[in-house]
Every structure is written in structure tokens, then in C-alpha cells.
Amino acid sequence: MANGTADVRKLFIFTTTQNYFGLMSELWDQPLLCNCLEINNFLDDGNQMLLRVQRSDAGISFSNTIEFGDTKDKVLVFFKLRPEVITDENLHDNILVSSMLESPISSLYQAVRQVFAPMLLKDQEWSRNFDPKLQNLLSELEAGLGIVLRRSDTNLTKLKFKEDDTRGILTPSDEFQFWIEQAHRGNKQISKERANYFKELFETIAREFYNLDSLSLLEVVDLVETTQDVVDDVWRQTEHDHYPESRMLHLLDIIGGSFGRFVQKKLGTLNLWEDPYYLVKESLKAGISICEQWVIVCNHLTGQVWQRYVPHPWKNEKYFPETLDKLGKRLEEVLAVRTIHEKLLYFLPASEEKIICLTRVFEPFTGLNPVQYNPYTEPLWKAAVSQYEKIIAPAEQKIAGKLKSYISEIQDSPQQLLQAFLKYKELVKRPTISKELILERETLLARLVDSIKDFRSDFETRCRGIPGDASGPLSGKNLSEVVNNIVWVRQLELKVDDTIKIAEALLSDLSGFRCFHRNAEDLLDQLKLYEQEQFDDWSRDIQSGLSDSRSGLCIEASSRIMELDSNDGSLKVHYSDRLVILLREVRQLSALGFVIPAKIQQVANIAQKFCKQAIILKQVAHFYNSIDQQMIQSQRPMMLQSALAFEQIIKNSKTGSGGKSQITWDNPKELEGYIQKLQNAAERLATENRKLRKWHTTFCEKVVVLMNIDLLRQQQRWKDGLQELRTGLATVEAQCPLAWQSKWEGPEDPLQYLRGLVARALAIQNWVDKAEKQALLSETLDLSELFHPDTFLNALRQETARAVGRSVDSLKFVASWKGRLPEAKLQIKISGLLLEGCSFDGNQLSENQLDSPSVSSVLPCFMGWIPQDACGPYSPDEYISLPVYTSAERDRVVTNIDVPCGGNQDQWIQCGAALFLKTQ
């Protein structure tokens, strides 16, 4: 640079330009550039404030102005703070340097967002001295530039909205904000509705991503799963135009980037080499899980689920977040280094640690941040790992023999042998130790070969059986046969896959590994084939049933919703239980990754559309079919008019002018109105029944009071009580049936009634004695010994509320045949219950056989009151709430208790299952 080296000012401009554009130094050895007029103007003319440098195909050009089309290529700008001639003294005090990429909007936005806004708004010193109005203007400028950038392409000639343009979307929050802005500023109503739909879907995760840095590692592990559901819903939606594939690809990428940066930031706060091992281990595992899970999510969605989703298939290759995957692998390496060190310390006493230099084992990693993964840090990391391995080599030699001795003692126990290899997996992987343990690893391989044989034998024995049988697949709860079989074989697949992974990690160098691996893969293929066969058989059966009107799978939108059976007079809803099962199967099989045939999916969609109304109608039908069981026999004539009115509504399910056409499923407005009429009529009938039952109980109580009055000494009390009874009877509009007197609580025979009365009185005295000795609740109690067992249960409720310091309304009543109730502060063990309508073995209800007694004893159970938010002994889908009556006449309910039934609650309601106390 013959003419330029003497001028420090030009040297500064040339060097900066050369470094920015990556130019060869030979290009500057030109007198023309050194005597460039634009450069001289900028340096020597105080009024010339700007120098623009641009590189294009024609080479480097200089200008003292910025033109409109400059943003096609990278631009470097030198500009002055003050209108002065540039000298050696003010060179670094008066010249600012800025670059421009893509567009001036993008460059300005990033400068404000990354540099000036954080400094002026977040820095305490600057923000304190910065006018609040200007702070607001700066915030508005940042937000406004972001909106323009997200809504436009980078061509400044037109700010035109392009949905495929994602260059302004740098974080997931930018994407969520994009749809918020579109929902408010869209050009068309349809576009606004679509944007609002996506906005609402993203709201599930928007807050978490906005505050991502404040979350813990474990919270973000959960966020990965939630994010998967959200992006899946966004992709699969069919309410509006599809989400663009290029935009989804970008979204998956920036979400993965956000997860990666979050993991790096969180783990960067730890000293991975010196902090306690348990803390580092848990944090690294959580970080690895975040990376691995998002890689799996992207692979699963774009490589399988979305490619098979017919309404909106994924057309490109599956997306693989390579950087995140490599970060996860780096974290695995860090964890392996710490784990190996920890295992070495476990096997070596403190005296030997110093001899083999384990105290300085992490010195190669000094100055290296292991979580900062990129291609530039990878060689440094590998060099540090290599040095680390040299340091631990003596330690490996020493512990190889100790580990061999330890494993040889337990190799006769396959389970212990496997656990030992898994526990010291990181050590066994080390070449020195692996070579020393060759015989032990051969033994492990033999055990794994046996495991594969056992898996194959178990599968071949059970695969053709019935779920739950001794020779059939293991049975789960609330699963149909096809779903149960697929879940069962998936569990076997996981076991086989885990076995293969163990062998690949520890035994791949052994001579018998290839044979083992081939057999294991063959079994895995066999299991997957069985899984697919199960689904295919189910698909064929369902599609065959769709053409059979008797299968229960056909629901015509124009068909009648319900009708009375001409044989038994029962009310039946034209929505079969098989349809309910089909809905559950479609939902579960879809969740398992199967693509439901369009024909079946269409039927499921129709069934789902009417499911809510069908459930309500089934409840009404059940009420109609069982109301006679809830009535007191002698009160039925009193309820005749209400029952006939209810039945009339059912029979006259007509709509339209003159009521000529039947109400059908595809008439939602009339259907809703008809359901409301049915519910109102059912509620009137139920209310009247409850009122009459209450009067019946009240009259009986008043008669009992009259019976306890001494007619010789308390004549006036007798008259007053009799008058109250007559007044109550007068309030009942209908004529009181004469048969009421046979419905008194207790036998009609006076002598038998008195005997029962004496028996209860003696039993109560026994209860009182136990209570005084604080032994009542530790005994097995019989509620039939009480006059008012419901009063005793209510007292237990009040006492429990006092003991736990809660209101009585916040407690719920539960019963358990599994054992004591851990959530109950106070509880009782009850015997003497009888069951009618079915059988119960303490585990779940079952249907009566031909030789079964109509009434059977129930095993003792524990009862108590627990908080409403506490989990009871049984989940809601596996129990049914049965009433407990005082007698087999079912005229007085003591309480309701949850009895395990194994699902299908309607079955036990229809068979009239109920509990009652034994007769004294």
C-alpha cells in the first residue's frame, strides 16, 4: 500500500473494510483506491458526514450518500459524530461504523432491540437519567419496527404482507405476536378469524415462552410436551386455511433454538466440574431431556404423523434440529465425564486418588464452557476430552480388577448382573475396563439372549388369547380388546428395544452380538407386524359393521332419537353403547399414532357431534326406566299424573307445523328444545317423588314421637302432636294411600317391631360404652344397630371437619375395600351391608349367575370423610355410586358410597344394584 500506509486515517478505513468484507490484502495495493475522491472528501471535508462502502459483483465502491437500492448487497457505513476534518487525534473519537443487512428497517430494528433499548431502558444508570416520555417512544419504536418487519418482505420497494416471509420472526414470541397483529389488522374478515384461531391455539404456550428464562429446567421439560400438542393442533386444524409448511418449518427451528439457548443459559450458571454431582446430574439430565424430546417431537411429527395426515400432509423431508441434537449429545458427554469421575471415586480410596492424580482430573476443561456447542468449540472440546482420558487411564487400570471381582460375585443372578452393568455403564464403556470384563460381558450377552427368547415365548403364548385370561395379553383398565392388545405389544416392544440398546452400548464388540441383534430385530419386526394386524383387523371389522344396521355403529342423522320399546315399555335411545366405545377406540388409536380410515373417521365425527345430546338423553331414559324403583310402592298412585305427563312428552316427540315430523339428530334446534322439555318433566317428577318421600319420613317420625308420649300424663302433648300430623297430611294435595301404615320403619307385626326396638336400644348402649372408653372407632361397627345411621355418619363428618380444621361442605364421603383410608383423619370399619342386583368380591361388581342368591353379604369396608380435592381410593371411571338403604324395601336412603365396578356404570344402574342394611 505505497500511497496509503503513511495515512493512518485511510489505513483505518481500508483495514475495517477489508475485515468486514473478507478481502485479500492484495486488492488494496492500488493507487486508485488510495486517492479515492469519496474517501478524501469524507476525511478532509468537515461538511462531508458520511462514507458508504458497498461490495457488489463489480467490486468495492465508495460513495458519500446512501441510495435507495443499496440494500441488495452488504453495506458498511462510516459517519461522523461532529462536522470536523478527520485527523490522527480525533480518528477514534469522531467516526462511528455501522453495517446494514437485508433492509434499513431490519438493521434499525435489530440495533434498537439488541443494543439501544436494553441499555437505555434496563440499565439502572441510563434509565434513571432518560426521560420517561422518550423511554415510551423508544419502546413504541421497537414495537412498531417489529410489526412492520413481521408484516413485510425485505424489499423496500413495497411493504407487502407475505405469510411465507419469516425473516422478521426470530423467536417463538415473534410468531405468536405475528398472529395477534394479524387478528387485529387483517385485511379480510376471514383472514382475521383465521389469525385469531391460531392466536388462541398459541396462547397455551405464549406466556411460557415469553417468560422462558424464569422457568426451571423441569418446567421446560413439561413445556416441550405442551408445545408438541399445540403445534400439532395448529398443523391439523381444518377450520381455516392450512398453516404454511415453510412457516411451520421455521417455527419448529426457532422453538428448538429457544430451547437450546435456554438450556445453555441455565446450565451456564452451574460449575459443571466442581458443583455437587447430584445437582449437576439432575440439571444435565433435564437439559438432555429437553434437547432429546424436541428432536423426537420434530422427527415424529414431520417424519410420521404429518406425512400421513391426509387433509394437510407434510411434503418436505422430515425436519431434524441438528444443532439441538448435537447440544444434547455434548451434554451427554459432560454427564458421562462427571459420572465416570464419580464412579472412579467410589472404587478408589482417598489415598489412591492422589497417587493417580484424580484430584486434577478436570484441569483440561479449564477455561472451556462445555455447554457452548458450535463447530468452533468442538475441536477444543475433543482435545480436552482426550487429555482427560489420559489422566484417568491409571485409575481405569486400577478399578478394572475391582469391578471384575464385584461383578463375578453376582453373575449367577441375571437381574443383579444386568443392574450392575447398568449402574456402571459409563465405566464398562471405557476400552480398558471393557477388555478386562470380556468374560462377564459374554455372560451378560447370554442373559440378554435368554431374555429375547423369553419375550418371544411370552408373546407367542399370549398373542392369540383373550385379554385378561391366563393365556392372553395382559389386561388394562377401560381399554377395548384391540387397544389393549396394541398397548400390550407396545410394552413388549419397549422391553425388546431396551434390551437391544443395552447390548449396543456395552456388547457390540462381542462375537455373539450380531446373532443376538438379528434375533432381537426379528422379534421386534414380529411384534410390529402383530400390532399392525390388530389395527387392520379392527379396521375391517368396523368397516364391515358400518354396512350392518344391527351392529350399533350406524347412526343416521335423519333417524329418530329415541322411542319406547313395544315389548317391555322401556325407553331406548338410538345411540348405541358401541358408538361410545368406537369414539374411545378412535381417540386412543389416533393417540397411538395410527391413521384412522376416512370412512371410520367420518362415522366417529358424526357420533362425536351428537355425543353430548346422546348422553343427556341416556340419563333421561335411565331415569324413566328406573323411576318406579325410586318410588315408595304406596305412593305410586299419587304420582300417576306426573308420570303420565312425562310419558306423553316421550311419545309425542314431533316437530314442525302440526307436529307431523319426528325430531331427529340433524335438527339441533328442535333437539335442544325437546331435550329441555324432557329434562324439565323429569325434574318435576323427581321433585314430586322427593317431596312425597320426605313427607313419608316426616309422618313416620311424628308417629314415633306420638308412640313415646304417656297418654295418662301428657294428654295435651298427644293432642298437639296429633294436630301437627293432621296438618301435614292436609298439605299433601292427593289423597293419602291407606297402605302408608304398612310402610312404617320396621315390621308391621307389633311384637316383632318391639323386639327390634329393644335390640337397637341394647346395641346403642353398647356403642355408648365403647365411646366412653375411646374404643368406638377402633371396632367393626354395624349401622343397622342404629335408629338413624345417617345421623351418626353426619356426626362423623362434623368431627372430621373439626379435626382437620375445614368446613363440613369441603368434605366428601368415601369407602374403601382396599384397606384403611390414608386421607381420612377419622374413619370407621363397617360390616353388615347387603347387596342386591349383582355380586361383589371386594374388588369389583359382577353379574349374578343363575344360582346366585338375590341378596348377598358385602365384605367389611372402611368409610370416612376426606377433603373434596383429595384423591379417593378409586378413580372416577372405575366406580359407581350406589345408594345404601335402611332396608330391602328401599324406602329410606342412609348414604351413597362408591363401589368399584370396572367401568360401564350404566350396566349396574340398569340391573338395579343397591346396598341396604341387614334387618335386626
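Just so you know, these numbers come straight off a predicted model, no measurement behind them.

A. Main features of the overall build of the protein chain. Broken down by element type, the protein chain carries 29 helices and 19 strands. Of all 920 residues assigned to the protein chain, the portion counted as buried reaches 42%. Taking contacts inside the protein chain between residues at least 6 apart in sequence as the whole, the part at least 24 apart equals 68%. For the protein chain, the accessible surface area stands at approximately 50,200 Å², while carbon and sulfur atoms represent 51% of it.

B. Structural view of the pairing of strand 1 (residues 50-56). Within strand 1, five of the seven residues are buried, which leaves the element mostly enclosed by the surrounding structure. Relative to strand 3 (residues 75-80), strand 1 runs antiparallel, the two being bridged by five bridges. Note that in strand 3 the partner of Val 53 across the bridge is Leu 76. Note that strand 1 and strand 2 (residues 59-63) share five bridges and pair antiparallel. Paired with Val 53 across the two strands is Phe 62, which belongs to strand 2. Hairpin remark: strand 1 followed by strand 2, antiparallel, with two residues in the connecting loop.

C. How the structure looks around the sheet that holds strand 11 (residues 827-831). Reading across the sheet, the four strands line up as 9-11-16-10 and stay open at both edges, with mixed pairing between neighbours. A single partner strand is all that each edge strand has here, and the edge strands are strand 9 (780-782) and strand 10 (811-816). Taken over all neighbouring pairs, the strand axes of this sheet differ in orientation by 40° on average, direction set aside.

D. Structural detail: the packing of helix 23 (residues 598-630) against helix 24 (residues 640-651). Here helix 23 crosses helix 24 at 135°, and the two axes come no closer than 12 Å. In terms of orientation, helix 23 and helix 24 fall into the oblique class. In the crossing of helix 23 with helix 24, the sense of the turn from one axis to the other is left-handed. Here helix 23 contributes Val 620, Phe 623 and Tyr 624 to the contact with helix 24, which in turn contributes Phe 646, Glu 647 and Ile 650.

E. Inspection of the packing of helix 19 (residues 438-462) against helix 20 (residues 481-506) at higher detail. The contact between helix 19 and helix 20 brings their axes to 11 Å, and the two run at 165°. Between helix 19 and helix 20, the interaxial angle falls into the category roughly antiparallel. In this structure, helix 19 crosses over helix 20, and the sense of that crossing is left-handed. When helix 19 is examined against helix 20, the residues Arg 441, Leu 448, Ile 452, Phe 455, Asp 458, Phe 459 and Arg 462 are found in contact with a partner set consisting of Trp 488, Val 489, Leu 492, Lys 495, Val 496, Thr 499, Ile 502, Ala 503 and Leu 506. Across the contact of helix 19 with helix 20, the residue classes tally to eleven nonpolar, one polar and four charged.

F. Spotlight on the side chain of Lys 343. Within the secondary structure, Lys 343 sits in helix 13 (residues 322-347). Each residue touching Lys 343, except ones within four places of it in the same chain, is listed here: Lys 423, Tyr 424 and Leu 427.

G. Fine view of the pattern of salt bridges. Across all of its chains, the model carries 22 salt bridges by this definition. Note that Glu 493 is salt-bridged to Lys 528, the shortest N-O span being 3.6 Å. Of this pair, Glu 493 sits in helix 20 while Lys 528 sits in helix 21 (residues 513-545), and the two are 35 residues apart along the sequence. One salt-bridge network, held together by shared partners, links Asp 7, Arg 9 and Asp 44.

H. Examining helix 28 (residues 789-804) more closely. The terminal C-alpha atoms of helix 28 lie 23 Å apart, and with 16 residues this matches the ideal 22 Å at 1.5 Å per residue to within 8%. Here helix 28 has its buried residues at Pro 789, Phe 792, Leu 793, Leu 796, Arg 797, Thr 800 and Ala 801. Where helix 28 ends, the next residue or the one after it, Gly 805, has phi of about 70°, a positive value.

I. Focus on a negative patch on the surface. The grouping of Glu 208, Glu 219, Asp 222, Glu 225, Asp 229 and Asp 233 at the surface amounts to a negative patch. Looking at the negative patch, the element that brings in the most residues is helix 10 (residues 217-236), giving five residues. You can see Asp 222 is positioned in helix 10.

J. Seen up close, the sheet that holds strand 12 (residues 833-836). The five strands are arranged 15-12-19-17-18 in an open sheet whose pairing can be described as mixed. Since the sheet does not close on itself, it has two edges, and those belong to strand 15 (855-857) and strand 18 (893-900), each with one partner. In this sheet, adjacent strand axes meet at a mean angle of 30° when their direction is disregarded. The pairing of strand 12 with strand 15 spans three bridges and is antiparallel. Paired with Glu 836 across the bridge in strand 15 is Val 855.

K. Molecular detail of unusual backbone geometry. Positive phi values are uncommon outside glycine, yet Gln 774 reaches one of about 60°. Take Gln 774: it is sitting in the loop between helix 27 (750-772) and strand 9.

L. The environment of Phe 198, seen in detail. Its location among the elements puts Phe 198 in helix 9 (residues 189-210). Judged by its relative accessible area of 0%, Phe 198 is buried. Spatially, the C-alpha atom of Phe 198 lies 6.7 Å from that of Trp 179, the residues being 19 residues apart in sequence. Once you skip the residues sitting within four places of it in the chain, Phe 198 turns out to touch Trp 179, Val 234, Gln 237, Asp 241 and Tyr 243.

M. Inspection of the pairing of strand 19 (residues 914-917) at higher detail. Of the two faces of strand 19, both are covered, the one formed by Ala 914 and Phe 916 as well as the one formed by Leu 915 and Leu 917. Relative to strand 19, strand 12 is paired through four bridges, and the arrangement is antiparallel. Residue Leu 835 lies in a different strand from strand 19, and its bridge partner there is Leu 915. Bridging between strand 17 (residues 879-885) and strand 19 involves two bridges; their strand directions are parallel. Bridged to Val 884 within strand 19 is Leu 915.

N. Geometry of the packing of aromatic side chains. For the structure shown, the criterion picks out 29 aromatic pairs. A centroid spacing of 4.4 Å and a plane angle of 20° characterise the contact between Trp 273 and Phe 365, whose relative ring orientation is stacked. In this pair, Trp 273 is assigned in the loop between helix 11 (245-268) and helix 12 (277-305) and Phe 365 in the loop between helix 14 (350-355) and helix 15 (378-410), connecting sequence segments 92 residues apart. The two residues Trp 273 and Phe 365 agree in class, both being buried. Put simply, the rings of Phe 176, Phe 178, Trp 179, Tyr 197, Phe 198, Phe 202, Phe 209, Tyr 243, Phe 259 and Trp 294 touch in pairs and so form one group of aromatic residues. Taking the ring centre of Tyr 20 as reference, the NZ or CZ of Lys 74 above it sits at 5.1 Å. Above the face of the Phe 42 ring, Lys 80 is positioned so that its terminal group lies 5.2 Å from the ring centre.

O. Representation of the side chain of Thr 227 within the structure. Its location among the elements puts Thr 227 in helix 10. Residue Thr 227 is classed as buried on the basis of its relative accessible area of 0%. Non-local contacts of Thr 227, meaning those with residues more than four positions away in its chain, are made with Ile 205, Phe 209, Ile 255, Phe 259 and Trp 294.

P. Spatial organisation of the confidence of the model for the protein chain. Residues with a pLDDT of 70 or more make up 86% of the protein chain, whose mean pLDDT is 80. Within the protein chain, the element-level pLDDT minimum falls on helix 14, averaging 54, and the maximum on strand 16 (residues 861-867), averaging 93. Scored below 50 in pLDDT, residues 153-161 makes 21 contacts in the model with residues more than four places away or belonging to other chains.

Definitions and limits used
- Residues numbered from 1 in each chain as written.
- Predicted model: local features only at pLDDT ≥ 70, side-chain atom pairs only at ≥ 80, totals over all residues.
- Heavy atoms only, no water.
- Helix = DSSP H or I, 4+ residues; strand = E, 2+ residues; numbered from the N terminus.
- Buried < 20%, exposed > 50% of the residue type's maximum accessible area, 1.4 Å probe, protein only.
- Contact = heavy atoms within 4.5 Å.
- Areas by Shrake-Rupley, 256 points an atom, 1.4 Å probe, with all protein chains shown as cover.
- Pairing = 2+ DSSP bridges.
- Axes fitted to C-alpha atoms, helices over the stretch in contact; angles between N-to-C directions.
- Parallel < 35°, antiparallel > 145°, perpendicular 65-115°, else oblique.
- Left-handed = near helix turned anticlockwise from the far one by under 90°.
- Nonpolar A, V, L, I, M, F, W, Y, C, P; charged D, E, K, R; others polar.
- Salt bridge = Lys/Arg side-chain N within 4 Å of Asp/Glu carboxyl O.
- Expected span 1.5 Å × (residues − 1).
- Patch = residues over 30% accessible without salt bridge, like charges linked within 9 Å, V, L, I, M, F, W, Y side chains within 5 Å.
- Lys, Arg positive; Asp, Glu negative; His and termini not counted.
- Charge placed at Lys NZ, Arg CZ, Asp CG, Glu CD.
- Phe/Tyr/Trp six-rings, centres within 6.5 Å; stacked < 30°, edge-to-face > 60°.
- Lys NZ or Arg CZ within 6 Å of the ring centre and 35° of its normal.
- pLDDT = per-residue confidence, 0-100.

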